[in-house]
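# Structural features, examined
Listed here are the chains, written in short residue letters.
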Amino acid sequence: MKCRKCGAVAVIKMQQHKLALCEEHFLEWIPEQTERAIKKYKMFGPEDRILVAVSGGKDSLSLWDVLLRLGYQAEGLHIHLGINGGGYSDSSLEYVERFAATREEAKFQVVDLKAAYGQSVPELARTTYRGRKPCALCGLVKRHIMNRVAYEGGYDAIATGHNLDDEAAVLMQNTLRWQAGYLARQAPVLPSTHPRLARKVKPFIRLYERETAAYAIVRGIDYIYDECPYAVGSTTNFYKGILNQLESRSPGTKLSFYLSFLQARREGLFSRPGEALELNECQRCGQPTTAPGLCAFCRLWQRMDSR
Ligand code: Q46
Ligand code: ZN
Ligand code: ZN
């Protein structure tokens, strides 16, 4: 297998693009594709300050690396969730620290949930979720903290490392239940709808997971290989498996599934006119919420306090 650009030995073959590339050209191709997505979906420009959510995994560290290589003002935010008695979260943080230590321009901050708010994600779940899987709660906590940090730090956009496999799996779940509300909000860019809610962007949206993993490996980025223990056996992973089966039968299925959805979305298939949500400011933290009174994050802590 030879690189299409120079004829050297290829390190990756991307069936859906009928493209094989050598190490050097693959390391150029990923930033080119990312830049194309940033421009195509009007995510941000060089003047914008970007807050990159970095978990310590391959997608987020690769994204941070690529944005820095492209010359964007990209600073990291790591949220320490206290998972696995803190062990999983401690090692995730170490990978972020190690990455930043090798790049002078990689500035980042850490919010430790337990230190800042008094409880880790598993502790919160034990009390308020009666031991159920904490992922919904964890998502809520992460969104709240990202919004708060972005607002307080004056960032223009929050970037996450979601790749095409993540998006296609969520799309499949939403489509199987025709969840119009979720489908209407599933997009490469979510514009800011309130001064306290930063724009959310996903610059890796057109890259397959195996490509972001290959980028991290070829680029020598050390990332946490283990998944969060709560992700093991998750519904999203199940749908990723199904999509990969489809992909191996028919290369390009994942990409066309997602891009055709975006096309349909642009044509208004999932828009729900007249349903713009009214936002109130939470009485406790000030973040916008559709609920009257307290936002979901503050209601969570209120439930904790009342126990
Ligand atoms: S970190 Fe949190 Fe994920 Fe772990 S608890 Fe679930 S949501 S799986 S991206
Ligand atoms: Zn080459
Ligand atoms: Zn609140």
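Everything below is about the structure printed above this text.
Notes on the structure follow. (Residues numbered from 1 in each chain as written. Chains lettered and ligands numbered in written order. Predicted model: local features only at pLDDT ≥ 70, side-chain atom pairs only at ≥ 80, totals over all residues. Heavy atoms only, no water.)

## Overview of the coordination of the zinc ion (ligand 2)
Under perfect tetrahedral coordination by four donors, a metal shows angles of 109.5 degrees; under perfect octahedral coordination by six donors, it shows angles of 90 or 180 degrees. Within the first shell, the zinc ion (ligand 2) binds the protein through Cys3 (SG), Cys6 (SG), Cys22 (SG) and His25 (ND1), at distances of 2.1 to 2.3 Å. Classification of the site at the zinc ion (ligand 2) as tetrahedral follows from its 4 donor atoms and the range of 99 to 113° in their angles at the metal. In primary-sequence terms, the residues that donate to the zinc ion (ligand 2) follow C-x2-C-x15-C-x2-H. Highlighted residues: Cys3 in the segment before β1 (12–14) and His25 in helix α1 (residues 23–40), separated in sequence by 22 residues. (Donors = N, O, S within 2.8 Å, 3.2 Å for Na, K, Ca; no water. Tetrahedral: all angles 85-135°; square planar, octahedral: opposite > 155°, others 65-115°. Helix = DSSP H or I, 4+ residues; strand = E, 2+ residues; numbered from the N terminus.)

## Considerations on the pairing of strand β5 (residues 108–112)
In the sheet, strand β4 (residues 73–80) pairs with β5 via 5 bridges, with the strands oriented parallel. When the bridges of β5 are listed, Leu77 appears paired with Gln109. (Pairing = 2+ DSSP bridges.)

## Here we look at empty space enclosed by the protein
Overall, the coordinates contain 1 cavity of 30 Å³ or more when judged by the stated rule. As a volume, the largest cavity reaches approximately 30 Å³. Along its surface, the largest cavity is lined by Gln33, Thr34, Ala37, Pro203, Arg206 and Leu207. By residue class, the composition of the lining of the largest cavity is 3 nonpolar, 2 polar and 1 charged. (1 Å grid on protein atoms, 1.4 Å probe; cavity = no way out; pocket = protein on both sides within 12 Å on 5 of 7 lines; lining within 4 Å. Points joined across faces, edges and corners; volume = space filled by probe spheres on them. Nonpolar A, V, L, I, M, F, W, Y, C, P; charged D, E, K, R; others polar.)

## Details of the coordination of the zinc ion (ligand 3)
Bound to the zinc ion (ligand 3) on the protein side are Cys282 (SG), Cys285 (SG), Cys295 (SG) and Cys298 (SG), at distances that span 2.3 to 2.4 Å. One way to put it: the 4 donor atoms around the zinc ion (ligand 3) meet at angles of 107 to 114°, and that makes the site tetrahedral. Coordination of the zinc ion (ligand 3) draws on donor residues from a single chain, spaced C-x2-C-x9-C-x2-C in sequence. With Cys285 in the loop between β9 (280–281) and β10 (288–289) and Cys295 in the loop between β10 and α12 (296–305), this pair connects stretches of sequence that are 10 residues apart.

## Quick look at the side chain of Arg103
Relative to the elements of secondary structure, Arg103 occurs in the loop between α3 (87–101) and β5. Reaching out from Arg103, the side chain makes a polar contact with the backbone oxygen of Phe99 at a distance of 3.4 Å. There is a polar contact of 2.7 Å between the side chain of Arg103 and the side chain of Thr102. (Polar contact = N/O pair within 3.5 Å; in protein donor to acceptor, adjacent residues only side chain to side chain.)

## A look at the site of ligand 1
Taken together, Ile83, Cys135, Cys138, Lys142, Cys228, Tyr230 and Ala231 make up all the residues around ligand 1. In terms of residue class, the shell around ligand 1 is made up of 6 nonpolar, no polar and 1 charged. (Near = heavy atom within 4 Å.)

## Structural notes on the pattern of salt bridges
By the definition in use, this model includes 15 salt bridges. Ionic pairing is found between Arg49 and Glu75, a salt bridge with its closest N-O pair at 3.8 Å. In this pair, Arg49 sits in strand β3 (residues 49–53) while Glu75 sits in strand β4, placing the two residues 26 residues apart along the sequence. In this structure Glu75 comes out as partly exposed when scored by relative accessible area, which is 25%. Connected through salt bridges with shared partners, the residues Asp65, Arg103 and Arg219 form a single ionic network. (Salt bridge = Lys/Arg side-chain N within 4 Å of Asp/Glu carboxyl O. Buried < 20%, exposed > 50% of the residue type's maximum accessible area, 1.4 Å probe, protein only.)

## What about a positive patch on the surface?
On the surface, Arg130, Arg132, Arg299, Arg303 and Arg307 cluster together to form a positively charged patch. Along the chain, Arg299 falls in helix α12. What makes Arg299 partly exposed here is its relative accessible area of 35%. (Patch = residues over 30% accessible without salt bridge, like charges linked within 9 Å, V, L, I, M, F, W, Y side chains within 5 Å. Areas by Shrake-Rupley, 256 points an atom, 1.4 Å probe, with all protein chains shown as cover. Lys, Arg positive; Asp, Glu negative; His and termini not counted. Charge placed at Lys NZ, Arg CZ, Asp CG, Glu CD.)

## Focus on the packing of helix α6 (residues 135–153) against α12
For the pair α6 and α12, the least separation of the axes is 9 Å and the interaxial angle reads 120°. By the criterion of interaxial angle, the relationship of α6 to α12 is oblique. As for the relative orientation of α6 and α12, their crossing is left-handed in sense. Together, Leu137, Leu140, Val141 and His144 of α6 and Ala296, Phe297 and Leu300 of α12 make up the contact between the two elements. Of the residues in the contact of α6 with α12, the class split is 6 nonpolar, 1 polar and no charged. (Axes fitted to C-alpha atoms, helices over the stretch in contact; angles between N-to-C directions. Parallel < 35°, antiparallel > 145°, perpendicular 65-115°, else oblique. Left-handed = near helix turned anticlockwise from the far one by under 90°. Contact = heavy atoms within 4.5 Å.)

## As for the packing of α1 against helix α2 (residues 58–69)
Remark: α1 packs on α2, axes separated minimally by 10 Å, with the N-to-C direction vectors making an angle of 85°. It follows that α1 is roughly perpendicular to α2 by the angle criterion. Contacts between α1 and α2 involve Leu27, Ile30, Pro31, Thr34 and Ile38 from the first element and Val66, Leu67 and Arg69 from the second.

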